[in-house]
Amino acid sequence: MRPPTEPRTGPRTRTRLYALSTVLLACALTFPTASAAPAASGAAAEPTVEEARLSAGPVPGEILRRAGFDDVAPEFARALADTATAEEARELAGRAGRELWRRAVDRAQGRGDQAAELSPDDDRPLYWARLGMTRAVRQWQPAFPLDAAGRADLLARLERASRGQDSLDFPADDGVRRAVVTGFDPFQLDGDIRRSNPSGAAALALDGTVLTTPSGPVRVETAVFPVRWADFAEGTVERTLLPHFTPGPRQADLFLTVSQGRPGQFDLERFNGAWRGGALDNVRESDTGTVPVPGDVPTVDPQPQWTVTTLPYRRIIEAGTGPFPVFDNTFVREIPAGATTPVPRPDGPTPGSTAREGSGGDYLSNEIAYRATLLRDALDPALPGGHLHTPVLEFGPGNTFPDTGEITDEVFVRNRLDITAQVREVVGAAADAPR
């Protein structure tokens, strides 16, 4: 995931491990985010920047209507109004979130309403329907006492469930390898509110599927993450991945974080940097500085400036996974040891340097890769994993003007399907490599 301002470029220390019971308890908790600030007890709150876009023009409503998802938020709001206790509301938030995720996955995999006007591979109905639901929670005035923490808990439950983050489930089967794949919400919506994110579309298409490889079946479980600095700072990545990185019979054998990158190519990002570059996120917030790591998850101490992919990148590149070329991207930007000015390094970081851009940049795609690989290094450094940037998903010729263009076209759909198919092949090629 590269913001418009991001350039189009191509030693492990001791670990800090907490008691397993503490780790699993922390993982089971849900955490409010700065982007989802709750209202006072019983009082409605203003929509967030993301939620306000629902009413900024006709596009979100058209996407929901043409996908058959325009009933999601109204039905959820009615059900929420009928709850009689805080516990009923909590149960509803989790259940309704999981139902939305499953509905989007089923649609993407051909089990949903295929008569809808919008192509089933589209990730945008999930995004806009979720925002309608979170807006309903924020503006709801319950008939029973609900404090700020209670409302924040409802939002967190709904967010996690509707992103597939609490439904990753692997079989404890030695004959099946397990792959975790993550995607992102659409972003850069102030530039074009019609945007889709092919990484999110790939996550929907792959969730719960079994890939056939020469060395055996691979079960894929997926989740989608928000494009918000605050959620990452509060540990949404680590708490989602932790149960599947912890050694045991259900540990993942592979992970692949995926986001949208640059036009016309895939990039396997070799190095990940511990730096936030400050580009605006989906709620128009900016953050610049060292990536903040939660204090209650396993990590490497002291925090490293760089982490490295353990994906079999040469094997993936040579596998011929699809129509787009796949590159091993080793570019970084660093402040060399003893210096004060950032410089580009096409072949990776030098010893003792300070990160300013990983191979995947300095936005949230670099950050999810850094967080995931840092957690890997704390728990199982040999676990294959890293980040994949997809090509930019572009509209067809003549449909490039946001204010007058259509929300979809044949080129747009074909490109998204091609990208998803190639992500599937990349996962298969990575999983087929010997560990």
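The following paragraphs examine the structure supplied in this document. Keep in mind that what you see is a predicted model, and the values were worked out from it rather than measured. (Residues numbered from 1 in each chain as written. Predicted model: local features only at pLDDT ≥ 70, side-chain atom pairs only at ≥ 80, totals over all residues. Heavy atoms only, no water.)

**Topic: the side chain of Ser365**
For Ser365, the position within the fold is in helix α12 (residues 364-379). Sequence-distant contacts of Ser365, defined by excluding residues within four places in its chain, comprise Met1, Phe184, Ser259, Gly360, His387 and His389. (Helix = DSSP H or I, 4+ residues; strand = E, 2+ residues; numbered from the N terminus. Contact = heavy atoms within 4.5 Å.)

**Quick look at the pattern of salt bridges**
Summed over all chains, the structure comprises 37 salt bridges. Note that Arg228 is salt-bridged to Glu159, the shortest N-O span being 3.2 Å. In this pair, Arg228 is assigned in the loop between β4 (216-225) and α9 (229-233) and Glu159 in helix α7 (residues 148-162), connecting sequence segments 69 residues apart. Using a relative accessible area of 3% as the deciding quantity, one classes Arg228 as buried. Between Arg333 and Glu357 there is a salt bridge, with its nearest N and O atoms 3.2 Å apart. Of this pair, Arg333 sits in strand β13 (residues 332-335) while Glu357 is found in strand β15 (residues 354-357), placing the two residues 24 residues apart along the sequence. By relative accessible area, which is 7% here, Glu357 ends up buried. In this structure, a network of salt bridges that share partners links the residues Glu50, Arg130, Glu159, Arg163, Asp185, Arg228 and Asp231. (Salt bridge = Lys/Arg side-chain N within 4 Å of Asp/Glu carboxyl O. Buried < 20%, exposed > 50% of the residue type's maximum accessible area, 1.4 Å probe, protein only.)

**Some points on the nonpolar core**
Phe69, Phe76 and Trp128 are the most contacted members of the largest nonpolar core, which has 40 residues in total. Every element with two or more residues in this core is listed here: α3 (59-67), α4 (72-81), α5 (86-108), α6 (124-139), α7 and α8 (198-206). Among the elements that make up this core, the one with the highest residue count is α5 (10 residues). Contacts of Trp128, omitting those with residues within four sequence positions, involve Glu50, Arg53, Leu54, Pro60, Ile63, Leu64, Leu189 and Ile193. Ala202, Val218, Leu311 and Ala430 belong to the second-largest nonpolar core, a separate cluster that totals 25 residues. (Core = buried A, V, L, I, M, F, W, Y, C linked by side-chain atoms within 4.5 Å.)

**Side note on the sheet that holds β13**
Read from one edge of the open sheet, 3 strands run β14-β13-β15, paired in antiparallel fashion. Sheet topology places β14 (343-345) and β15 at the edges, where each strand pairs with a single neighbour. Pairwise comparison of adjacent strand axes, ignoring direction, gives a mean angle of 45° for this sheet. The pairing of β13 with β15 spans 3 bridges and is classified as antiparallel. Residue Glu334 lies in a different strand from β15, and its bridge partner there is Ala355. (Pairing = 2+ DSSP bridges. Axes fitted to C-alpha atoms, helices over the stretch in contact; angles between N-to-C directions.)

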